[in-house]
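Residue-level structure breakdown
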Amino acid sequence: MLDLLSDILTNLSMRGTLYFRTSFTKPWGVAVPSYENVARFHFAHRGSCLVKVDGVSDPITLAQGDLIIIPHGASHDLYCGREPEHTIMPLDAVLEKSGFDGSGVLVFGGDEPQSETQLICGHFSFNPKSRHILMERLPPFIHLTNYGETAGRWMEATLRVIGEEAGGQKMGGDLIALKMSEAILAQAIRSYIESDDARDTALSAFSDKNFSRAIDAFHKAPAERWTVESLAHAAGMSRTGFAVQFQKLMQMSPMEYVTA
């Protein structure tokens, strides 16, 4: 799955940007505007907050160690503390009020220093002319709880390094944090596709051993004259069985996928 996912993300011309590391104290709230052709992410390095994604009824609790990805660039509110309707401010206003110049740590909030929330926030932009159904069919948000521990020791160490490097004073720190965060995006999407949450969605073929083998074969040689029969052969299935099951899992025919 990782080779296939790497190919898809590479062809989307993904470019990452870390746009701030925070030190927020209660009460605080930031309204992040929508943006096309981006996937936004927030990692709770220390403390917690609530995330309200546009179009999603209930806020998500982002606890320490959690990661949330908003794959379609929807507007969302990050907040913590009393009366969020009075404390949430537009991102531009927060940046202006805090005096944040794009470097270091974004310090903002109220007078409760013991309630500090440190977030690492960034986004990945995609070429608007490059599309893929894998990204288009991701849900409004992907919430991975206790992400460092769940993803394994290497991811926990990566997140720790990002927390230390992002917005720091050491030379090359932002670049190091950015490149590591690209690996996190790929791993987070893979975790979602392989989870029970994706099992009943139009992305389940990507985690199926046979179908992912066929999709991977296509991505490795897209210029070949692919047919349903050759894709079925790559999957190790009969032509009819492959076509019927692919349509059921992906909600599109094999050749519609190839054409797209």
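This text follows the structure it describes.
Note that the coordinates shown come from a computational prediction; the quantities given were computed from them, not determined experimentally.

1. Observations regarding helix H8 (residues 209-220)
Because the α-helix completes a turn every 3.6 residues, residues three or four places apart line up on one side. Look at H8: 16 Å from first C-alpha to last across 12 residues, which is about the 16 Å you get at 1.5 Å a residue. Taken together, the buried positions of H8 are occupied by Phe-211, Ser-212, Ala-214, Ile-215, Asp-216, Phe-218 and His-219. The N-cap residue of H8 is Asp-208: its side-chain oxygen and the backbone nitrogen of Asn-210 are 3.0 Å apart.

2. Considering the sheet that holds strand S5 (residues 60-62)
In spatial order, the strands read S5-S4-S7-S2-S8; together these 5 strands make up an open sheet with mixed pairing. Only two strands of the sheet have a single neighbouring strand rather than two, namely S5 and strand S8 (88-90). Shown here is a sheet whose adjacent strand axes are inclined to one another by a mean of 25°, direction ignored. Pairing of strand S4 (residues 49-53) with strand S7 (residues 76-80) involves 4 bridges; the strand directions are antiparallel.

3. Things to note about the sheet that holds strand S6 (residues 67-70)
In space, the 6 strands of this open sheet follow the order S9-S1-S10-S3-S6-S11, with mixed pairing throughout. Two strands bound the open sheet, and with one partner strand each, they are strand S9 (105-109) and strand S11 (142-144). Sheet twist, expressed as the mean angle between neighbouring strand axes with direction ignored, is 20°. Inspection of the sheet shows strand S3 (residues 38-46) paired to strand S10 (residues 112-125) by 8 bridges, in the antiparallel sense.

4. Describing the packing of aromatic side chains
In the structure shown here, the tally under the stated rule is 10 aromatic pairs. Between Phe-24 and Phe-108 the ring centres are 6.4 Å apart and the planes differ by 80°, which places this aromatic pair in the edge-to-face class. Note that Phe-24 is positioned in strand S1 (residues 15-26) and Phe-108 in strand S9, a separation of 84 residues in sequence. For the pair Phe-24 and Phe-108, a shared accessibility class is recorded, and that class is buried. Geometrically, the ring pair formed by Phe-218 and Trp-226 is edge-to-face, given 6.3 Å between the ring centres and 80° between the ring planes. Here the two residues Phe-218 and Trp-226 agree in accessibility, since each one is buried. Among the aromatic side chains, those forming a connected cluster through ring pairs are Phe-206, Phe-211, Phe-218, Trp-226, Phe-242, Phe-246 and Tyr-257.

Rules of the game
Residues numbered from 1 in each chain as written. Predicted model: local features only at pLDDT ≥ 70, side-chain atom pairs only at ≥ 80, totals over all residues. Heavy atoms only, no water. Helix = DSSP H or I, 4+ residues; strand = E, 2+ residues; numbered from the N terminus. Expected span 1.5 Å × (residues − 1). Buried < 20%, exposed > 50% of the residue type's maximum accessible area, 1.4 Å probe, protein only. Polar contact = N/O pair within 3.5 Å; in protein donor to acceptor, adjacent residues only side chain to side chain. Pairing = 2+ DSSP bridges. Axes fitted to C-alpha atoms, helices over the stretch in contact; angles between N-to-C directions. Phe/Tyr/Trp six-rings, centres within 6.5 Å; stacked < 30°, edge-to-face > 60°.

Purely geometric stuff here, so don't read any function into it on its own.
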